[in-house]
Amino acid sequence: MSGAAPISVEAALDRARARLAGRGESPALDAEVLLAHVLGRSRAWLRAFGERELGAAEAARFEALVARRAAGEPVAHLTGRREFWSLELEVTPATLIPRPDTELLVEAALARLPDTPGLRLADLGTGSGAVALALAAERPGWRLLATDRSAAALAVARRNAGRLGLANVAFRAGDWCAALGGEPFDAILSNPPYIPAADPHLDQGDLVHEPRAALTPGPGGLEAIERIARESRAHLRPGGWLLIEHGYDQGESAVAVLEAAGYTAVEDLRDAAGNPRVVCGRQP
Ligand code: GLN
């Protein structure tokens, strides 16, 4: 793409799609999201006004973003935004980019806990705040505590809560259950790191640009889940729930970990792709 000749929305998207082909899983979508971001329009607008011409500055900004995407940067880092549940979240390289799979964790909590004012839930390793903020938005009467050991991540999560006007979420720095204090919770949720440290995917694609501490807990992959399962018992009221996301091939192990920690009624839920994804256990 050279800045000289005027180019239409449609032609700019065509060129970007060709340039991004084979880069990531959704080159056409990536091109649309980046152009919509540059123009301050929706993707639907791009489709309706494909013959409009881009201004020279817009074309140059789009070209620069497509070049960065082609070099491997995640789209969410280029736009600084990612949608999760119904919320538009700020994301930076300090946090994991929220995944659609993790919406199952939100659904699992909504399905298991009553819409009772004053219920207390904790989201451990909140990152951008995605899980805590989705629940806070769905259940204004619940009180959420979002924790992370990364101060930079907590700052992003706090800004998201502020921008979304969600006042029923508090934030605290700390490692897993260390930040929880003495009062018991009705549920503890987490999307912890669970990719084994030697997994080659960590050195490929978009994962390279995300915080390694949010992706891998150590050689086995289950270290964070084991620790949360052990430590969380002391922080849940009787009948309270522990809900943890895990890897597609960790369903049986995650169930065994929760059972070994003393949780009852342990079951594993499948995500939209049909993979085991969220383990649920109940405090006796
Ligand atoms: N589901 C993410 C991935 O496979 C990993 C997120 C995590 O470790 N919590 O890219």
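Residues numbered from 1 in each chain as written. Predicted model: local features only at pLDDT ≥ 70, side-chain atom pairs only at ≥ 80, totals over all residues.

- The chain goes by Release factor glutamine methyltransferase in an unreviewed UniProt entry, where it is assigned to Thioalbus denitrificans.
- Its UniProt record gives the chain a comment under Function (unreviewed entry), which states: "Methylates the class 1 translation termination release factors RF1/PrfA and RF2/PrfB on the glutamine residue of the universally conserved GGQ motif."
- What the UniProt record of the chain gives under Sequence similarities (unreviewed entry) is the line "Belongs to the protein N5-glutamine methyltransferase family. PrmC subfamily." (UniProt positions renumbered as here; feature names shortened; annotations may be inferred.)

### Considering the overall build of the chain
Link 1 in the chain: Scanning the chain for helices and strands turns up eleven helices and nine strands.
Link 2 in the chain: Projected onto its principal axes, the C-alpha coordinates of the chain cover approximately 70 × 40 × 30 Å.
Link 3 in the chain: Out of the 284 residues belonging to the chain, those deemed buried represent 40%.
Link 4 in the chain: Across the chain, every contact between residues at least 6 apart in sequence was considered, and the portion connecting residues at least 24 apart equals 64%. (Helix = DSSP H or I, 4+ residues; strand = E, 2+ residues; numbered from the N terminus. Buried ≥ 20, exposed ≤ 12 C-beta atoms within 10 Å, placed from the backbone. Contact = placed C-beta atoms within 7 Å.)

### Description of the UniProt feature "binding site: substrate" (unreviewed entry) in the chain
Link 1 in the chain: As recorded in UniProt, the feature "binding site: substrate" (unreviewed entry) lies at N191, P192, P193 and Y194.
Link 2 in the chain: Along the chain, P192 falls in the loop between β6 (185-190) and α9 (212-215).
Link 3 in the chain: Apart from the residues within four sequence positions on either side, P192 is in contact with G125, P217, A224, I225, I228 and I244.
Link 4 in the chain: Tracing the backbone shows Y194 in the loop between β6 and α9.

### Considering helix α4 (residues 56-70)
Link 1 in the chain: End to end, α4 covers 21 Å across 15 residues, agreeing with the expected 21 Å (1.5 Å per residue, within 8%).
Link 2 in the chain: Elements in contact with the buried residues of α4: α1 (9-20), α2 (27-39) and α5 (75-79).
Link 3 in the chain: Two residues or fewer after α4 comes G72, characterised by a positive phi angle close to 115°. (Expected span 1.5 Å × (residues − 1).)

### Some thoughts on the pairing of strand β8 (residues 264-270)
Link 1 in the chain: Of the pairings in the sheet, the one linking β8 to strand β9 (residues 276-282) comprises five bridges and is antiparallel in character. From the neighbouring strand, D268 faces β9, where its bridge partner is V279. (Pairing = 2+ DSSP bridges.)

### Topic: the domain arrangement of the chain
It is common to give the size of an interface as the accessible area that goes away when the parts come together.
Link 1 in the chain: Domain boundaries in the chain define domain 1 (9-72) and domain 2 (94-282).
Link 2 in the chain: One C-alpha centre belongs to domain 1, the other to domain 2; they are set 34 Å apart. (Domains from an automatic or database assignment.)

### Topic: the UniProt feature "domain: Methyltransferase small" (unreviewed entry) in the chain
Link 1 in the chain: In the numbering used here, UniProt assigns the "domain: Methyltransferase small" (unreviewed entry) feature to residues 110-199.
Link 2 in the chain: Taken end to end, residues 110-199 is 29% helix and 24% strand, and its first and last C-alpha atoms sit 33 Å apart.

### With respect to unusual backbone geometry
Link 1 in the chain: Even without glycine at this site, W85 takes up a positive phi of about 55°.
Link 2 in the chain: With respect to the helices and strands, the residue W85 is situated in the loop between β1 (81-84) and β2 (87-90).
Link 3 in the chain: In this structure, A265 takes a positive phi of about 50° despite not being glycine.
Link 4 in the chain: Summarising the element assignment, A265 is placed in strand β8.
Link 5 in the chain: The exposed category is assigned to A265, around which 12 C-beta atoms lie within 10 Å.

### Overview of the pairing of strand β7 (residues 236-245)
Link 1 in the chain: In terms of burial, β7 is a largely internal element, seven of the ten residues being buried.
Link 2 in the chain: As paired strands, β6 and β7 are joined by five bridges and run parallel to one another. Bridging across to β7, L189 finds its partner in L243.
Link 3 in the chain: Summarising the sheet, β7 and β9 pair through five bridges and their orientation is antiparallel.

### Points about the nonpolar core
One broad trend across soluble globular proteins is that nonpolar side chains are buried collectively.
Link 1 in the chain: The biggest cluster of nonpolar side chains holds 76 residues, and the ones touching the most others in it are L135 and L243.
Link 2 in the chain: For this core, the element with the highest residue contribution is helix α7 (residues 130-138), accounting for seven residues.
Link 3 in the chain: When residues of this core are assigned to domains, at least three map to each of domain 1 (9-72) and domain 2 (94-282).
Link 4 in the chain: If near-sequence neighbours (up to four positions away) are discounted, L135 is found in contact with V106, A109, L121, W142 and L144. (Core = buried A, V, L, I, M, F, W, Y, C linked by C-beta atoms within 7 Å.)

### Brief notes about the packing of α2 against α4
Each pair of packed helices gets described by two things: the angle between the helix axes and the distance between those axes.
Link 1 in the chain: Contact geometry of α2 with α4 gives a least axis separation of 10 Å together with a crossing angle of 145°. Along this stretch, α2 crosses α4, giving a crossing that reads as right-handed. Contacts between α2 and α4 pair D30, A31, L34, L35, V38 and L39 from the former with E58, R61, F62, L65, V66 and R69 from the latter.
Link 2 in the chain: Here the contact of α2 with α4 is built from residues that sort into eight nonpolar, no polar and four charged. (Axes fitted to C-alpha atoms, helices over the stretch in contact; angles between N-to-C directions. Left-handed = near helix turned anticlockwise from the far one by under 90°. Nonpolar A, V, L, I, M, F, W, Y, C, P; charged D, E, K, R; others polar.)

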